[in-house]
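Here's the letter readout for the chains.
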Amino acid sequence: MTPAINLLERNGIAHSVHSYVHDSEADSYGEEAVAALGLASERVFKTLVVQLSNNEFAVGLVPVSSTLNLKTMASACKAKKASMALPSDVERVTGYVLGG
C-alpha cells in the first residue's frame, strides 16, 4: 500500500481505493486513470513534485485536465524557480512509485 493509504488505515479514516491495470505503453498516467475508471478529467488529480531553486521539493496538485504553472508554483513557494523533479528524486523523497 501507499504511504497515504497506510496513514488513512492507521487513523481509521474511511476510504475506497479505485484501481486498474496499468498499461506500460500509456502516454499519461492521469489520462489512463481517467479512461480506465470512467471519470471526468476535472475530477481526477495528478500529484506533481517539483524541485525549487533552493533545492527543496514541493508538491502541486492539479486536475488531469490542467497543467502545473511552474512560475506560479515557484512564487507560491517563495522560490526563484521551480522545475519538475527527476523521477528518481520523486521516489526517494516521497516514497511513492512514479505514477502510483
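That block above? That's the structure.
Residues numbered from 1 in each chain as written. Predicted model: local features only at pLDDT ≥ 70, side-chain atom pairs only at ≥ 80, totals over all residues. Heavy atoms only, no water.

### Focus: the overall build of the protein chain
Right, on to step 1. Scanning the protein chain from terminus to terminus reveals four helices and three strands.
Right, on to step 2. Starting at the N terminus and walking to the C terminus, you meet the elements of the protein chain as α-α-β-β-α-β-α.
Right, on to step 3. Dimensions of the protein chain along its principal axes, counting C-alpha atoms only, are 40 × 30 × 25 Å.
Right, on to step 4. Residues classed as buried in the protein chain amount to 24% of the 100 residues present.
Right, on to step 5. A sequence separation of at least 24 residues applies to 34% of the contacts in the protein chain between residues at least 6 apart.
Right, on to step 6. Per element, the accessible surface of the protein chain, about 7300 Å² overall, is 54% carbon and sulfur.
Right, on to step 7. Computing the positive centroid from 8 side-chain charges and the negative centroid from 10, the protein chain places the two 16 Å apart. (Helix = DSSP H or I, 4+ residues; strand = E, 2+ residues; numbered from the N terminus. Buried < 20%, exposed > 50% of the residue type's maximum accessible area, 1.4 Å probe, protein only. Contact = heavy atoms within 4.5 Å. Areas by Shrake-Rupley, 256 points an atom, 1.4 Å probe, with all protein chains shown as cover. Lys, Arg positive; Asp, Glu negative; His and termini not counted. Charge placed at Lys NZ, Arg CZ, Asp CG, Glu CD.)

### A few points about unusual backbone geometry
Right, on to step 1. Not every positive phi belongs to a glycine, and Asn55 is a case in point at roughly 70 degrees.
Right, on to step 2. Here Asn55 shows up in the loop between strand 1 (45-52) and strand 2 (57-63).
Right, on to step 3. One non-glycine residue, Lys78, lies in positive phi territory at about 55 degrees.
Right, on to step 4. Structurally, the position occupied by Lys78 is in the loop between helix 3 (70-76) and strand 3 (82-84).

### A look at the side chain of Glu32
Right, on to step 1. Inspection of the secondary structure assignment puts Glu32 in helix 2 (residues 29-37).
Right, on to step 2. Among the polar contacts listed, one links the side chain of Glu32 to the side chain of His22, at a separation of 2.7 Å. (Polar contact = N/O pair within 3.5 Å; in protein donor to acceptor, adjacent residues only side chain to side chain.)

### Some details on the pairing of strand 2
Right, on to step 1. Sheet topology places strand 1 next to strand 2; seven bridges connect them, and they run antiparallel. Within strand 2, the residue paired with Val50 across the bridge is Ala58.
Right, on to step 2. Linking two consecutive strands that pair antiparallel, namely strand 1 and strand 2, is a turn of four residues; a positive phi of about 70 degrees is found at Asn55 within it. (Pairing = 2+ DSSP bridges.)

### What about the nonpolar core?
Right, on to step 1. Judged by nonpolar contacts, Leu48, Val50, Leu52, Ala58, Val62, Leu68, Met73, Ala74, Ala79 and Ala82 together constitute the single largest core of ten residues.
Right, on to step 2. Put simply, the parts of the chain that give this core at least two residues each are strand 1, strand 2 and helix 3.
Right, on to step 3. Looking at this core element by element, the count peaks at three residues for strand 1.
Right, on to step 4. Filtering out sequence-adjacent residues up to four positions away, Val50 remains in contact with Glu56, Phe57, Ala58, Leu68, Leu70, Met73, Ala82, Ser83, Met84 and Ala85. (Core = buried A, V, L, I, M, F, W, Y, C linked by side-chain atoms within 4.5 Å.)

### As for helix 2
Right, on to step 1. Restricting attention to buried positions, one finds in helix 2 the residues Gly30, Glu32, Ala33 and Val34.
Right, on to step 2. Where helix 2 begins, the side chain of Ser28 points an oxygen toward the backbone nitrogen of Gly30, at a separation of 3.4 Å.
Right, on to step 3. One or two steps after helix 2, the chain reaches Gly38, where phi turns positive at roughly 65 degrees.

### Comments concerning the sheet that holds strand 3
Right, on to step 1. Pairing within the open sheet is antiparallel, and its three strands lie in the order 2-1-3. The open sheet terminates on both sides in strands that have one partner only, identified here as strand 2 and strand 3. On average, each strand axis in the sheet is tilted by 40 degrees relative to the strand beside it, whichever way the strands run.
Right, on to step 2. In this sheet, strand 3 lies alongside strand 1 in antiparallel orientation, the contact comprising three bridges. Bridging across to strand 3, Val50 finds its partner in Met84. (Axes fitted to C-alpha atoms, helices over the stretch in contact; angles between N-to-C directions.)

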